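Summary of structural features
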Amino acid sequence: MSYSPIIQKTIKYIEMNLHEELSLERVAQFAGFSKYHYHRIFQKEVGVTASEYIRYRRIANSANMLLYTDEKIIDIALYYRFETQESFTRSFKKFYHLPPGHYRKIMSKLTLQREEMKLKNEQLLKGWKLSGSHPFNYQMGIDRETFHKGTASGFLKSVSVHSQGEFATMMQEFKADKYLSKRLKLSGFIKSQDVNGFCGFWMRVDDSLGDVLQFDNMSDRPIVGNHEWNHYHIVLDVPENSAVIAFGVILSGNGHVWIDELKFEEVDLQTPTTNIDFSSDLLDKPVNLTFEE
């Protein structure tokens with residue numbers, strides 16, 4: 001059984017209620033599971049417990065408010081359900097290694113400096129490149145105001161797109177050597193805004209000749225419109241003759257998509273792949289050759 005749709009449903013619920021009381025019992029009840037079973041499947045799918053997820057998302061949103069609002073620290077702490085400013089400070093320091101007041105003072109200055117040094121070329125974004133059918137109609141970069149965890153996320157957005165048939169991808173490639181004959185899972189968080197085509201993660205495994213061995217671009221589970229941060233994944237096998245693994249985020253048509261906390265991990269054969277099997281579209285024999293059917 002795939003628990004991914006249930007986890008996505010509950011993450012959406014969590015994101016909409018971060019400023020409300022969110023006990024494990026309440027979230028598990030929303031999901032329709034016992035809290036013990038929900039605890040196990042959430043940690044397996046996302047990599048952290050539901051309680052840890054709620055805590056760091058509240059802290060991340062608090063960090064955003066510290067930099068981009070004038071709200072008092074105590075008001076931010078209480079809004080995100082911390083009982084006292086002291087408990088908020090302790091939790092905040094665990095993630096950002098600074099108390100909230102110092103973080104606001106230091107990071108505000110750094111943010112202003114970064115805004116004065118806008119990326120002039122997408123190639124300056126370490127490790128990532130812009131590709132696709134019409135990459136010149138899109139922009140990619142780093143967003144330090146909208147992020148899921150830490151201090152920044154990556155983004156891809158349309159600038160001068162004329163049709164939904166146009167698309168771009170923010171991508172990377174790496175050697176497949178270390179993963180041969182293994183099953184590999186790409187997971188991470190995506191947020192979308194005004195996407196009128198679709199967006200999602202994609203991953204491709206090629207051999208040395210450039211032939212595609214495994215592929216998935218979430219076209220059978222596309223993200224469309226406006227969605228808060230949620231967790232998505234792709235699972236592909238890496239055959240013995242694999243040479244290159246490519247991955248990234250795709251945006252088709254207009255819109256804006258953010259990605260954060262991407263990670264790769266080896267999974268066992270009990271984890272189903274998401275590979276799109278194009279051979280299933282092939283007919284067993286020619287049909288309707290006289291055009292009478």
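Residues numbered from 1 in each chain as written. Predicted model: local features only at pLDDT ≥ 70, side-chain atom pairs only at ≥ 80, totals over all residues. Heavy atoms only, no water.

**Notes on the overall build of the chain**
Secondary structure summary: the chain contains seven helices and nine strands in total. Counting across all 293 residues of the chain, residues that qualify as buried make up 44%. Across the chain, the fraction of contacts at a sequence separation of at least 24, relative to all contacts at a separation of at least 6, is 73%. Of the roughly 16200 Å² that the chain leaves accessible, carbon and sulfur atoms contribute 51%. The average position of the 35 basic charges and that of the 38 acidic charges among the side chains of the chain differ by 9 Å. (Helix = DSSP H or I, 4+ residues; strand = E, 2+ residues; numbered from the N terminus. Buried < 20%, exposed > 50% of the residue type's maximum accessible area, 1.4 Å probe, protein only. Contact = heavy atoms within 4.5 Å. Areas by Shrake-Rupley, 256 points an atom, 1.4 Å probe, with all protein chains shown as cover. Lys, Arg positive; Asp, Glu negative; His and termini not counted. Charge placed at Lys NZ, Arg CZ, Asp CG, Glu CD.)

**Considerations on the packing of helix 1 (residues 4–16) against helix 3 (residues 35–46)**
Between helix 1 and helix 3, the shortest axis-to-axis distance is 10 Å and the interhelical angle comes to 95 degrees. Relative to helix 3, the element helix 1 is oriented roughly perpendicular. Side by side, helix 1 and helix 3 meet where Ser4, Ile7, Thr10, Ile11 and Ile14 of the first sit next to Tyr38, Ile41, Phe42, Glu45 and Val46 of the second. Residues of the contact of helix 1 with helix 3, tallied by class, amount to seven nonpolar, two polar and one charged. (Axes fitted to C-alpha atoms, helices over the stretch in contact; angles between N-to-C directions. Parallel < 35°, antiparallel > 145°, perpendicular 65-115°, else oblique. Nonpolar A, V, L, I, M, F, W, Y, C, P; charged D, E, K, R; others polar.)

**Regarding the nonpolar core**
By size, the foremost hydrophobic cluster in this structure holds 41 residues, and its most contacted members are Tyr38, Phe42 and Tyr53. Those elements giving two or more residues to this core turn out to be helix 1, helix 2 (24–31), helix 3, helix 4 (50–68), helix 5 (73–79), helix 6 (85–96) and helix 7 (100–115). Here this core takes 10 residues from helix 4, the largest share from any one element. Apart from the residues within four sequence positions on either side, tyrosine 38 is in contact with Ile7, Thr10, Leu24, Val27, Ala28, Ala31, Phe33 and Ala50. The next biggest cluster of nonpolar side chains, apart from the first, holds 30 residues, and it includes Leu186, Met203, Tyr232 and Ile234. (Core = buried A, V, L, I, M, F, W, Y, C linked by side-chain atoms within 4.5 Å.)

**A few points about the packing of aromatic side chains**
A complete count under the given rule lists 18 aromatic pairs for this structure. Look at tyrosine 38 and phenylalanine 42: their rings are 5.7 Å apart centre to centre, the planes differ by 50 degrees, and that puts the pair in the tilted class. Pair noted here: tyrosine 38 and phenylalanine 42 are both in helix 3, with a separation of four residues, about one helical turn. A single burial state applies to tyrosine 38 and to phenylalanine 42, both of which are buried. Taking the centre distance of 5.8 Å and the plane angle of 25 degrees together, the rings of tyrosine 53 and phenylalanine 189 count as stacked. Residue tyrosine 53 is found in helix 4, and its partner phenylalanine 189 is found in strand 5 (residues 182–207); the two are separated by 136 residues along the sequence. Note on tyrosine 53: relative accessible area 0%, which makes it buried. Chaining the aromatic ring pairs together yields one cluster made of Tyr38, Phe42, Tyr53, Tyr56, Phe95 and Phe189. The ring of tyrosine 56 is capped by lysine 149, whose NZ or CZ atom sits 4.4 Å from the centre of that ring. Lying over the aromatic face of tryptophan 258, lysine 191 brings its terminal NZ or CZ to 5.7 Å of the ring centre. (Phe/Tyr/Trp six-rings, centres within 6.5 Å; stacked < 30°, edge-to-face > 60°. Lys NZ or Arg CZ within 6 Å of the ring centre and 35° of its normal.)

**Some remarks on unusual backbone geometry**
Its identity as a non-glycine residue notwithstanding, serine 181 has a phi of 65 degrees, on the positive side. Looking at the element boundaries, serine 181 is found in the loop between strand 4 (167–175) and strand 5.

**Description of the side chain of glutamate 45**
Considering the arrangement of structural elements, one finds glutamate 45 in helix 3. Residues within four places of glutamate 45 in sequence aside, it is in contact with Tyr3, Ser4, Ile7, Lys185, His231 and His233.

**Remarks on the confidence of the model for the chain**
Summarising the model, the chain shows a mean pLDDT of 91, and 93% of its residues fall at 70 or more. Every residue in residues 119–123 is under pLDDT 50, and counting partners more than four places away or in other chains gives nine contacts. (pLDDT = per-residue confidence, 0-100.)

**A word on the pattern of salt bridges**
Inspection of the entire model under this criterion finds 10 salt bridges. Here lysine 182 makes a salt bridge to glutamate 266, at a shortest N to O gap of 3.4 Å. Highlighted residues: lysine 182 in strand 5 and glutamate 266 in strand 9 (residues 256–267), separated in sequence by 84 residues. With relative accessibility at 32%, the residue lysine 182 sits in the partly exposed group. By relative accessible area, glutamate 266 is classed as partly exposed at 46%. (Salt bridge = Lys/Arg side-chain N within 4 Å of Asp/Glu carboxyl O.)

**With respect to the environment of leucine 130**
Tracing the sequence through the fold places leucine 130 in strand 1 (residues 129–132). Overall, leucine 130 belongs to the buried group, its relative accessible area being 13%. Taking the C-alpha atoms as reference, leucine 130 lies 5.8 Å from threonine 169; in sequence the two are 39 residues apart.

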